[in-house]
Amino acid sequence: MEMDIVGACKPKDEEEKPKGKPIVAILVGAPGSGKSTFCENVMRASSRPWVRVCQDTINNGKSGTKPQCLKSAAASLKEGKSVFIDRCNLDKEQRVVFVNLGGPEVEVHAVVLDLPAKLSISRIVKRTGHEGNLQGGKAAAVVNRMLQNKELPKLTEGFSRITFCRNETDVDAAIKTYTAISPLDTLPHGCFGQKDPNAKTQLGIMRFLKRPHETNTRDSVPSQLTEEKGPCGKTQETVPSSSGMASQKIKVSEDMAPSSISQDESDIPTLAFPSISTADFQFDLEKASDVIVGKVEEFMDKLGNARLVLVDLTERSKILSLVRAKAAEKKINSKRFFTFIGDICQLYTKGGLCCNVIANAANWRLKPGGGGVNAAIFNAGGPALEAATKEQARSLLPGNALVVPLPSTSPLYSKEGVTHVIHVLGPNMNPRRPNCLDNDYVKGCKVLEDAYSSLFKGFLSIANTQVKVPRSSGSILSGPSKLEDEISGTKTKTWAPCLQALYNIAMQPEKHNKQVLEASDDVVVLNDIYPKAKQHLLVLARIKGLDTLADARKEHLPLLMTMHEVGLRWVDKFVGEDAQLVFRLGYHSVPSMRQLHLHVISQDFDSKHLKHKKHWNSFTTAFFRDSVDVIEEINNQGKATIQGEKRLMSMELRCHRCRSAHPNIPRLKSHISSCQAPFPADLQKKGRLVPEQTNSGYDP
């Protein structure tokens, strides 16, 4: 795959240069996918010192714990060795602690053995003497459960490189790649072999496990395969469970709970930029790489939480290799600046990397045409980008950059989540192009330095106006935070497309009949797609401009009271069906989805979707604002009190009844399933708990 470029950055004098960075290679795959065999094959032939960390054998040859694996891996890295993490690592939560082993001096890779389920299961059924005793027929059911909830890794988790292996040929190529790298070598960053970044559970596993009489005659996709639309409008595939029960379905789509993507780039302003002037303008690559790394180093302290990503289309990119090597020499933080292989116009849809700002290597006329990046970005941005650019300026001088807010009508905005394009013009060394500098690299380097300075300053002007929207787990989806665009001199809210689901339903409920339970001129009611309790509804406000709780004012009181009354009416219905249920009605202080919505949630918290600390704390701490309190505060003060997320989301897990502390979600859920303690006194006042006051509306 990348054999011809391995070692391209190898120092000429190995004795005088430091060794390459150790690698943490996290194996991702179901039992039977070949993770252990992969490690053994690489370690047998590689000149790089590798250590395999396997939880099945970590305890003196016996099964151990994740902390033992972490301790062993950290010790090996400290000794300068590279480490294979041989665990299934099928979801982000399992991987995150091992990703955190990385840093400026450690590369973190993922090798995904996403082989056909049938192959993995056939291996498991046949094998004997497995280290973890996962073998035989019963193991097939284990693999089935695991694959239903798999979550393919993304670069945004903190990986510098991800290799996807879909078949045994891919696996062999990956083994050769990792075998070939010496202690001095590095591998290109980016995703390799990924065909579908949004791939879900392999449907083939369900066919493989079905009893013969349950398989359709053509042995293709199960005959009961259906499509369902969630509130976000995304298609979810469901297949009959292996039990053969027609009513039981397994959701193939993943629970995009906020905490499961808590490190997504939505929290991190990111600029993706091409190498300026090194293509059509023929600027010397060595000199250009010096300028790039020098300017990145200069701006590193100013970036804060923001990131810079140098992008090129090909693995064989010499500029990427040069920049990587020089950035490593200067020990530039690889989480704040890294390289990426992919199309700058499709970084999210094709590579899983969401960048809210991209740079365009423009021409001086700021017009489409020519070739390379400029033509590609103008084409991807559509007429909206060209019109927005004309509003800002008609031309650009070398060494300067122009920030252009991208209209929401642009495909780059709606498909890729790009909110701004920064046009930048560098020096020209091509005699066939205008303003050629005739190899005057003294002037050329100065102009290129100015170009990158202007580019990074423009990006920082955007990043500094970004308002982080803490993700609360009550919303059915999560995604990039909203931006406040102050460049034009006015403050206007812009929401990324993936945050518009609730807004779209509220504005046009007739287009979402399958999700909407009730609709009126004022509100829309629907089930939360990932309920955190037995009963969990959302009551959406049907008014534009009321995006969050912070937007609510006195003029909205009648609407807020209507939302409360509608919620109470649904509580009446649920309690009539189950008298044991108790409810709270309230808002998250800072929601992750556009459009104000009231949560109507039963206090049993009996749900498979309640998985993480953020899920729990977003409904049981002061971050959850009771509807009655919100109405009272707005009536008396003109606005509601907004509680910050950071401290509240990190609070220890405490029972919402007896307030006892618990170490993790499973222990907490076990406790609350039987806890009969009365609710805290403060919740029993003012109608915060219903049905105690179900039959009385709220009158401020």
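Here's what I pulled together on the structure shown here. (Residues numbered from 1 in each chain as written. Predicted model: local features only at pLDDT ≥ 70, side-chain atom pairs only at ≥ 80, totals over all residues. Heavy atoms only, no water.)

**Remarks on the sheet that holds strand 4 (residues 107-113)**
- Within the open sheet, the six strands sit side by side as 2-3-1-4-5-6. Their pairing is parallel. The open sheet terminates on both sides in strands that have one partner only, identified here as strand 2 (50-54) and strand 6 (190-192). Between one strand axis and the next, the sheet turns through 15° on average, direction left out of account.
- As defined by bridge partners, strand 4 adjoins strand 5 (residues 161-165) across five bridges and the pair is classed as parallel. Within the sheet, the bridge partner assigned to Val-112 lies in strand 5 and is Phe-164.
- Across the face of the sheet, helix 1 (residues 35-45) comes into contact with strand 1 (23-28), strand 2, strand 3 (82-86) and strand 4 while running at roughly 160° to strand 3.
- Taken strand by strand, helix 2 (residues 66-78) contacts strand 1, strand 2 and strand 3, and its axis lies near 175° from that of strand 2. (Pairing = 2+ DSSP bridges. Helix = DSSP H or I, 4+ residues; strand = E, 2+ residues; numbered from the N terminus. Axes fitted to C-alpha atoms, helices over the stretch in contact; angles between N-to-C directions. Contact = heavy atoms within 4.5 Å.)

**Things to note about the packing of aromatic side chains**
- Within the structure shown, the criterion is met by 13 aromatic pairs.
- Here the aromatic rings of Phe-273 and Tyr-452 are separated by 6.0 Å at their centres, their planes lie at 75°, and the arrangement is edge-to-face. With Phe-273 in strand 10 (residues 270-273) and Tyr-452 in helix 13 (residues 441-463), the pair connects residues that are 179 residues apart, well separated along the chain.
- By relative accessible area, Tyr-452 is classed as buried at 0%.
- By the ring-pair criterion, three or more aromatic residues cluster together here, those being Phe-38, Trp-50, Phe-84 and Tyr-178.
- Above the ring of Phe-192, the side-chain terminus of Arg-161 is found at 4.0 Å from the ring centroid.
- Its guanidinium or amino end placed over the ring of Tyr-503, Arg-594 lies 3.6 Å from that ring's centre, counting from NZ or CZ. (Phe/Tyr/Trp six-rings, centres within 6.5 Å; stacked < 30°, edge-to-face > 60°. Buried < 20%, exposed > 50% of the residue type's maximum accessible area, 1.4 Å probe, protein only. Lys NZ or Arg CZ within 6 Å of the ring centre and 35° of its normal.)

**Considerations on the nonpolar core**
- Formed by 52 residues in total, the largest nonpolar core has its most connected members in Ile-26 and Leu-412.
- By residue number, the principal contributor to this core is helix 11 (residues 372-392), which donates five residues.
- Apart from the residues lying within four places of it in its own chain, the contact partners of Ile-26 are Ile-85, Asn-89, Arg-95, Phe-98, Val-99, Val-108, His-109, Ala-110, Val-111 and Phe-159. (Core = buried A, V, L, I, M, F, W, Y, C linked by side-chain atoms within 4.5 Å.)

**Re unusual backbone geometry**
- One non-glycine residue, Asn-439, lies in positive phi territory at about 60°.
- Topologically, Asn-439 is positioned in the loop between strand 15 (420-424) and helix 13.
- Of note, the phi angle at Phe-605 is positive, near 50°, even though the residue is not glycine.
- Along the chain, Phe-605 turns up in the loop between strand 22 (597-602) and helix 16 (613-620).

**A short note on the pattern of salt bridges**
- This model, assessed by the stated rule, comprises 19 salt bridges.
- Measuring nitrogen to oxygen at the nearest pair gives 3.2 Å for the salt bridge that ties Arg-594 to Asp-547. With a gap of 47 residues between them, Arg-594 in the loop between strand 21 (583-588) and strand 22 and Asp-547 in the loop between strand 20 (536-541) and helix 15 (557-577) connect regions that are remote in the sequence.
- Asp-626 is the partner of Arg-584 in a salt bridge, and the nearest nitrogen-oxygen pair spans 2.6 Å. In this pair, Arg-584 is assigned in strand 21 and Asp-626 in strand 23 (residues 624-626), connecting sequence segments 42 residues apart.
- Look at Asp-626 and you get buried, because its relative accessible area is 5%.
- By sharing partners, the salt bridges in this structure join Glu-286, Asp-290 and Lys-326 into a single network. (Salt bridge = Lys/Arg side-chain N within 4 Å of Asp/Glu carboxyl O.)

**Some thoughts on the sheet that holds strand 14 (residues 401-405)**
- Reading across from one edge, 12-11-10-13-15-14 is the order of the six strands in this open sheet, with mixed pairing throughout. Sheet topology places strand 12 (337-341) and strand 14 at the edges, where each strand pairs with a single neighbour. Within this sheet the neighbouring strands show an average axis-to-axis angle of 25°, counted without direction.
- As paired elements, strand 13 (residues 357-361) and strand 15 share five bridges and run parallel to each other. Pairing of Ala-359 across the sheet is with Ile-422, part of strand 15.

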